[in-house]
Amino acid sequence: MISFHIRIGLVAFFTFTSSFIFAQSMRYGTVASLQLSHTQHTNSRLGFSFGMKGELDFSDNENRAYLDFGLLLSAKGWKDKLSYADDMDKFCEWKCRLYYLEVPVHIGYKYALSEKVKLLSDIGPYFAVGLSGKSEFSGGDKSLSAENPYEGNLFKNDTYKRFDAGVGADIGVEIKQRLQIVIGYQMSLMNPVKERWNILSLKDRTLFLSFAYMF
């Protein structure tokens, strides 16, 4: 009898949820971004992201709340200068490139500035899975590259953790309900490195400019 009631409750829940979702306005689109990533103690490195996004409007009003979510391939990273001689007068550049599969989920609001232009802003978490990463030295003694102790995929050699999560916020405009131009900022809430680099705080900070086209 209990299992019967549970099944009835689940059916009712999914029926209500499905009805709510389909009663709203769902749209999909493509998105691409240029981004600058860095950590607390390193310099910025140029990267990119691209993928698909969805948008669920909570009403048909001109000014309305919405849910924004996406599935993105994101290239982040950082760079730094290191001394590699005892007299501390020789330096090389240390670069790190990290590729993530990223899922942002934001709640936002649109405000109509005119018939064709809307101001939009949103905020929320993101979740990421590391796909591959590489560390390399340049501009110094060539032997450094050969002796790089962090060569190979950084997600497989006990350097970087596979999962990351953080928060982000965006602000931008939507033109003719199709083109969206957005400036945003993301901040990781997790120290992504394992014991090998545990003395470093390498939480990502990412500033980006994105362009989306909604179908």
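Located above this text is the structure these notes cover.
In this text the structure is predicted, and so the values were computed from the model without any measurement.

Colleague: Can you walk me through the environment of G47 in this structure?
Modeller: Along the chain, G47 falls in strand β2 (residues 45-57). Of the residues examined, G47 reaches a relative accessible area of 6% and is grouped as buried. Each C-alpha atom of the pair G47 and L98 lies 9.4 Å from the other, and the pair is 51 residues apart in sequence. If we ignore the near neighbours within four places in the chain, the residues touching G47 are S33, L34, Q35, A75 and R97.

Colleague: Please clarify how empty space enclosed by the protein should be interpreted in this entry.
Modeller: Over the atoms a probe the size of a water molecule is rolled, and this reveals where empty space is left. All told, the structure shown has one cavity of 30 Å³ or more when counted by the stated rule. Lining the largest cavity we find 28 residues, and of these L72, P104, D170, F208 and S210 sit closest to its centre. For the lining of the largest cavity, the class distribution of residues is 11 nonpolar, 10 polar and seven charged.

Colleague: Got a minute to help me understand the side chain of S74 in this structure?
Modeller: For S74, the position within the fold is in strand β3 (residues 64-83). The class for S74 is buried, based on a relative accessible area of 0%. Engagement of the side chain of S74 in a polar contact is seen with the side chain of Q35, the distance being 3.0 Å. The contact partners of S74, leaving out residues within four places of it in the chain, are Q35, F48, S49, L98, Y99, Y100 and E102.

Colleague: Explanation requested: the pairing of strand β5 (residues 117-138) in the structure shown.
Modeller: Across a regular strand the side chains alternate sides, sitting on one face of the sheet and then on the other. Pairing geometry for strand β4 (residues 91-112) and β5, over 18 bridges, is antiparallel. If you follow I107 over to β5, its bridge partner there is I123. Where β5 meets strand β6 (residues 163-175), 13 bridges bridge the pair, whose relative direction is antiparallel. Directly across from Y126, in β6, lies its bridge partner G166.

Colleague: What am I meant to see in the pattern of salt bridges here?
Modeller: It is possible for side chains of opposite charge to pair when their charged atoms get near one another. One pass over the structure, following the stated rule, counts eight salt bridges. With its nearest N and O atoms 2.7 Å apart, the salt bridge here joins K53 to D68. Residue K53 is found in strand β2, and its partner D68 is found in strand β3; the two are separated by 15 residues along the sequence. With its nearest N and O atoms 3.1 Å apart, the salt bridge here joins R64 to D57. Taking relative accessible area as the criterion, D57 reaches 3% and is therefore assigned buried. Among the charged side chains, a network of salt bridges with common partners joins R27, E55, K110 and E174.

Colleague: Which parts of the structure should I look at to understand the packing of aromatic side chains?
Modeller: The relation between two aromatic rings is expressed through the spacing of the ring centres and the mutual angle of the planes. Applying the stated criterion across every chain, the model contains five aromatic pairs. Consider the rings of F48 and F50, whose centres lie 6.1 Å apart with planes at 15°: the pair is stacked. Overall, F48 belongs to the partly exposed group, its relative accessible area being 32%. Taken together, a centroid distance of 6.0 Å and an interplanar angle of 70° make the contact between F155 and Y160 edge-to-face. Each member of the pair F155 and Y160 is classed as buried.

The rules behind the values
Residues numbered from 1 in each chain as written. Predicted model: local features only at pLDDT ≥ 70, side-chain atom pairs only at ≥ 80, totals over all residues. Heavy atoms only, no water. Helix = DSSP H or I, 4+ residues; strand = E, 2+ residues; numbered from the N terminus. Buried < 20%, exposed > 50% of the residue type's maximum accessible area, 1.4 Å probe, protein only. Contact = heavy atoms within 4.5 Å. 1 Å grid on protein atoms, 1.4 Å probe; cavity = no way out; pocket = protein on both sides within 12 Å on 5 of 7 lines; lining within 4 Å. Points joined across faces, edges and corners; volume = space filled by probe spheres on them. Nonpolar A, V, L, I, M, F, W, Y, C, P; charged D, E, K, R; others polar. Polar contact = N/O pair within 3.5 Å; in protein donor to acceptor, adjacent residues only side chain to side chain. Pairing = 2+ DSSP bridges. Salt bridge = Lys/Arg side-chain N within 4 Å of Asp/Glu carboxyl O. Phe/Tyr/Trp six-rings, centres within 6.5 Å; stacked < 30°, edge-to-face > 60°.

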